[in-house]
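If you want the building blocks of each chain, they are given just below.
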Amino acid sequence: MPQPDLGPFEEFVEHRLPALYRYARVLTGNRHDAEDLVQEALTRTGASWRRVRRKDDPEGYVRMTMVRLVANRRRRWGREELTPDPPDLAVADRGLDRVTGDAGFTAALAGLGPRMRGVLVLRYVDQLSDPEIAQVLGCSASTVRSQAARALAKLRATMTAEEESRG
């Protein structure tokens, strides 16, 4: 069996890795889970790169894969193996401060469940419509709207409480 041509895939990863990492960071709320998420999504994408690169938006494919992985994380929890030391060093990215610069907001976002975070990221980062988000997450559009409303209410309450405690 011939080896797949990974040149274009490696080029894609080289150019889009920082943006994909920022996206994963918003979805997961922390550096370690974001690194794992990007790695898993790119592993899956690399395995089917021939099919993916023929699509109009390979980065969109990777992002949807990340959202689905986060939404289904609870099902996979028992299969994870913890190691004492991470195998790779973290990626340095100056643009990450735009995503994680406000510690209060980052903490509030981390307090949301994975599905709520996924809905907000798909709505406000990817700017998908409710039916499109529902298709990605495998739920109804009304579920998307209720998850978004609950997530935004929780974020507002957390941020308001934080402002009141400071001031």
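A. View of the nonpolar core. Judged by nonpolar contacts, the single largest core of 39 residues is most densely connected at Phe 12, Leu 27, Leu 42, Met 66 and Leu 122. Going through the elements one at a time, helix H1 (7-28), helix H2 (31-47), helix H3 (49-52), helix H4 (58-71), helix H7 (103-110), helix H8 (114-125), helix H9 (130-137) and helix H10 (141-166) are the ones with two or more residues in this core. Setting aside residues no more than four positions away along its own chain, Leu 122 makes contact with Tyr 23, Met 64, Val 67, Gln 127, Leu 128, Ile 133, Val 136 and Leu 137.

B. Layout of the packing of H9 against H10. Axis separation between H9 and H10 bottoms out at 8 Å; the angle between their running directions is 100 degrees. In this view, H9 runs roughly perpendicular relative to H10, as classed from their interaxial angle. Residue-level contacts link Asp 130, Pro 131, Ile 133 and Ala 134 of H9 to Ala 141, Val 144 and Arg 145 of H10.

C. Summary view of the packing of aromatic side chains. Evaluation of the coordinates by the stated rule reveals two aromatic pairs. On the numbers, 5.3 Å between centres and 35 degrees between planes, the contact of Phe 12 with Trp 49 is tilted. Pair noted here: Phe 12 is in helix H1 and Trp 49 is in helix H3, with a separation of 37 residues, a long-range link. Note on accessibility: Phe 12 and Trp 49 belong to one class, buried. Each residue in the set Phe 9, Phe 12 and Trp 49 is aromatic and connected to the rest through ring pairs, giving one cluster.

Reading guide: rules and limits
Residues numbered from 1 in each chain as written. Predicted model: local features only at pLDDT ≥ 70, side-chain atom pairs only at ≥ 80, totals over all residues. Heavy atoms only, no water. Core = buried A, V, L, I, M, F, W, Y, C linked by side-chain atoms within 4.5 Å. Buried < 20%, exposed > 50% of the residue type's maximum accessible area, 1.4 Å probe, protein only. Helix = DSSP H or I, 4+ residues; strand = E, 2+ residues; numbered from the N terminus. Contact = heavy atoms within 4.5 Å. Axes fitted to C-alpha atoms, helices over the stretch in contact; angles between N-to-C directions. Parallel < 35°, antiparallel > 145°, perpendicular 65-115°, else oblique. Phe/Tyr/Trp six-rings, centres within 6.5 Å; stacked < 30°, edge-to-face > 60°.

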